[in-house]
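If you want the building blocks of each chain, they are given just below.
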Amino acid sequence: MQTTNKNIQVISILTIFFFILFLFFSKRAYSDDLLSVKFEKNNFTKYLEIYEKPKNIQDLYITNQDREKITISKFSNKLTVINIWATWCLPCIEELPALNDFIKSNNTNNKDSNYQFITLSVDIDGAKRVLPFLKKMKIFSFPVYYDPKSELLKKLKISRLPTTIFLDLDGGVIASLQGTFTWKLEETYKLLQKIYLN
């Protein structure tokens, strides 16, 4: 009888142990889901990097919807937030509606705003792929630009998508946020204050 009880205890302990292991590796496998949870708890500092000196990307070329090449310096008249994404990136797709709603509800991109929000797609097919995709998702609140060779990410040595970068009035990158973000009103303003008023 004692042997049977001990066997039951051992099986129970092993079951709990393997369950804990399962949870641990599941969390590592779905790190982007964890990012969203942590951000909702205002714990975004782990994934936010504020640079000591602005990174110069003003001369990098990106493409607008008319397939015209422009430089990043075009955005130097306002504090600019650039969300870098792709249609094949699931966390990006999950994040876009929240970003769209934030911009729409706060009139962030109107002429009187201190900020401007744009998105930069790294899809190889550019507008041909992206515009129908956004139309299907009913996302219309922000300008879309294209960087099919990911030159900007290479320049900043960033490999994660989505990534959001923050430009100062001179068009220099002063911070980057790798991974998804909630774009909830209170958390977004806290993020902007931490970056621009730090």
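All residue numbers here refer to positions counted from 1 along the written sequence of the relevant chain. Reporting of local features is limited, given that this is a predicted model, to residues whose pLDDT is at least 70; pairs of side-chain atoms are given and counted only at 80 or more, and all residues count toward the totals for whole chains, interfaces and linings. The basis for the side-chain values is all heavy atoms of the structure; hydrogens and waters are excluded.

1. Section: the overall build of the protein chain
Thinking step 1. The helix and strand tally for the protein chain stands at six helices and eight strands.
Thinking step 2. Under the scheme used here, helices are H or I runs from DSSP no shorter than 4 residues and strands are E runs no shorter than 2 residues, and both carry numbers assigned from the N terminus. Beginning at the N terminus, the succession of helices and strands in the protein chain can be written as α-α-β-β-β-β-α-β-α-β-α-β-β-α.
Thinking step 3. Within the protein chain, contacts between residues at least 6 apart in sequence are counted, and of these 72% link residues at least 24 apart.
Thinking step 4. What sets the accessible areas is the Shrake-Rupley method with a 1.4 Å probe; for residues, cover comes only from the shown protein chains. When the accessible surface of the protein chain is summed, it comes to about 12200 Å², and 54% of that surface belongs to carbon and sulfur atoms. The contact rule is simple, with two residues in contact once any of their heavy atoms fall within 4.5 Å.

2. Concerning the nonpolar core
Thinking step 1. Side-chain atoms within 4.5 Å are what join buried Ala, Val, Leu, Ile, Met, Phe, Trp, Tyr and Cys residues into a set we call a nonpolar core. Exposure is judged per residue with a 1.4 Å probe applied to protein chains only, and the accessible area is read against the type maximum: over 50% gives exposed, under 20% gives buried, and values in between give partly exposed. With 53 residues, the main nonpolar core has Ile84, Phe117, Leu152, Ile165, Phe166 and Tyr196 as its most contacted residues.
Thinking step 2. Excluding residues that lie within four positions of it along the chain, Ile165 makes contacts with Ile57, Thr80, Val81, Ile82, Ile84, Leu152, Leu156, Val173, Ala175 and Ser176.

3. Things to note about the state of the cysteines
Thinking step 1. Defined by distance alone, a disulfide is two cysteine sulfur atoms within 2.5 Å. Throughout the structure, instances matching the rule amount to one disulfide.
Thinking step 2. In this model, Cys89 is linked to Cys92 through a disulfide, with the two sulfur atoms separated by 2.3 Å. The sign of the S-S torsion, about 80 degrees, decides the handedness of the disulfide formed by Cys89 and Cys92: right-handed. The exposure classification of Cys89 matches that of Cys92, with both residues buried.

4. Description of the layout of surface pockets
Where empty space is left can be seen by rolling a probe of water-molecule size over the atoms.
Thinking step 1. In this analysis the probe radius is 1.4 Å and the grid spacing 1 Å, with only protein atoms considered; a cavity is a set of points the probe fits into but cannot get out of, a pocket is an open set with protein on both sides within 12 Å along at least five of seven lines, and lining residues have an atom within 4 Å of a point. Grid points are joined across faces, edges and corners, and a volume is the space filled by probe spheres set on the points. Volume-wise, the largest pocket comes out at about 170 Å³.
Thinking step 2. Lining the largest pocket, in full, are Leu60, Tyr61, Ile62, Thr63, Lys69, Tyr146, Asp147, Pro148, Lys149 and Glu151.
Thinking step 3. Take the lining of the largest pocket: its biggest share by element is three residues, from strand β2 (residues 61–63).

5. What to know about the pairing of strand β8 (residues 173–178)
Thinking step 1. In terms of residue burial, β8 counts as a mostly covered element, since five of its six residues are buried.
Thinking step 2. One requirement defines pairing of two strands: DSSP has to find at least two bridges between them. With four bridges joining them, strand β1 (residues 48–55) and β8 adopt antiparallel strand pairing. What sits directly across from Leu48, in β8, is Leu177.
Thinking step 3. Note that strand β7 (residues 163–167) and β8 share five bridges and pair antiparallel. Each residue of the ladder has a partner; that of Thr164, found in β8, is Leu177.
Thinking step 4. Following β7, the chain reverses through five residues before pairing antiparallel with β8; Gly171 in that reversal takes a positive phi of roughly 85 degrees.

6. Describing the confidence of the model for the protein chain
Thinking step 1. As a per-residue quantity, pLDDT reports the predictor's confidence and falls between 0 and 100. Predicted confidence across the protein chain gives a mean pLDDT of 80, with 77% of residues reaching 70 or more.
Thinking step 2. This model gives residues 6–42 a pLDDT under 50, and the stretch forms 27 contacts once residues within four places in sequence are excluded.

7. Focus on the pattern of salt bridges
Thinking step 1. For salt bridges, the criterion is a side-chain nitrogen of Lys or Arg within 4 Å of an Asp or Glu carboxyl oxygen. The tally for this structure, following the rule as stated, stands at one salt bridge.
Thinking step 2. Across the salt bridge formed by Lys190 and Glu186, the nearest N and O atoms sit 3.4 Å from each other. In this pair, Lys190 and Glu186 are both assigned in helix α6 (residues 185–196), four residues apart and thus about one turn of the helix distant.
Thinking step 3. Glu186 sits in the exposed class, given a relative accessible area of 56%.

8. Looking at the environment of Leu167
Thinking step 1. The residue Leu167 is located in strand β7 in this model.
Thinking step 2. Residue classification places Leu167 among the buried positions, given a relative accessible area of 0%.
Thinking step 3. C-alpha separation for the pair Leu167 and Leu79, spaced 88 residues apart in sequence, amounts to 5.8 Å.
Thinking step 4. Residues within four places of Leu167 in sequence aside, it is in contact with Ile72, Leu79, Thr80, Ile82, Gly172, Val173 and Tyr196.

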